[in-house]
Amino acid sequence: LEKRHMSWTQNKDNKLKFFEQMGEWYVNKQCIGKETHEITDKDVTENKNGVLVEHCCSVEPQITCHYRDKPSKIPCKDSPTIDTNGRPFW
């Protein structure tokens, strides 16, 4: 898997929001913050068949708008701004 790094975000929650807004998030919501046993009852110690990939990875990006004043894959005109006096990106 390709890793991306954002050192300019305030915290982990903000990083997730920016990844989602930019169309760079491919993890299904039912897997976020979950332990393996909460996702599947299959034995994943020998994860040769990609059990977690099957349940958690999406082929399409999971795009969600959060802020209208930050870059986004789609227009986020109805979202709030994150910066004081933030100008719409689109």
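Everything numeric in this text was worked out from a predicted model, so none of it was measured.

(A) View of the environment of tryptophan 25. Of note, tryptophan 25 is situated in the loop between helix H1 (12-21) and helix H2 (36-39). Along the sequence, tryptophan 25 and threonine 64 sit 39 residues apart, while their C-alpha atoms lie 9.3 Å from each other. At 3.2 Å, the side chain of tryptophan 25 and the backbone oxygen of valine 27 are in polar contact.

(B) Inspection of the side chain of glutamine 21 at higher detail. With respect to the helices, strands and loops of the structure, glutamine 21 is situated in helix H1. What makes glutamine 21 buried here is its relative accessible area of 1%. Those residues in contact with glutamine 21 that sit more than four places away from it in its chain are Ile63, Thr64, Cys65, His66, Tyr67, Lys70, Pro71, Ser72, Lys73 and Cys76.

(C) Expanded view of the pattern of salt bridges. Following the criterion strictly, the structure yields two salt bridges and no others. Lysine 29 is paired through a salt bridge with glutamate 20; the nearest N and O atoms lie 3.6 Å apart. Take lysine 29: its relative accessible area is 53%, and that puts it in the exposed class. Under the relative-accessibility criterion, glutamate 20 is labelled buried at 5%. Among the salt bridges present, the one from lysine 70 reaches aspartate 83, with a minimum N-O distance of 2.5 Å. Remark: aspartate 83 occurs in the segment after helix H3 (51-56) and lysine 70 occurs in the segment after H3; sequence separation between them is 13 residues.

How each quantity is defined
- Residues numbered from 1 in each chain as written.
- Predicted model: local features only at pLDDT ≥ 70, side-chain atom pairs only at ≥ 80, totals over all residues.
- Heavy atoms only, no water.
- Helix = DSSP H or I, 4+ residues; strand = E, 2+ residues; numbered from the N terminus.
- Polar contact = N/O pair within 3.5 Å; in protein donor to acceptor, adjacent residues only side chain to side chain.
- Buried < 20%, exposed > 50% of the residue type's maximum accessible area, 1.4 Å probe, protein only.
- Contact = heavy atoms within 4.5 Å.
- Salt bridge = Lys/Arg side-chain N within 4 Å of Asp/Glu carboxyl O.

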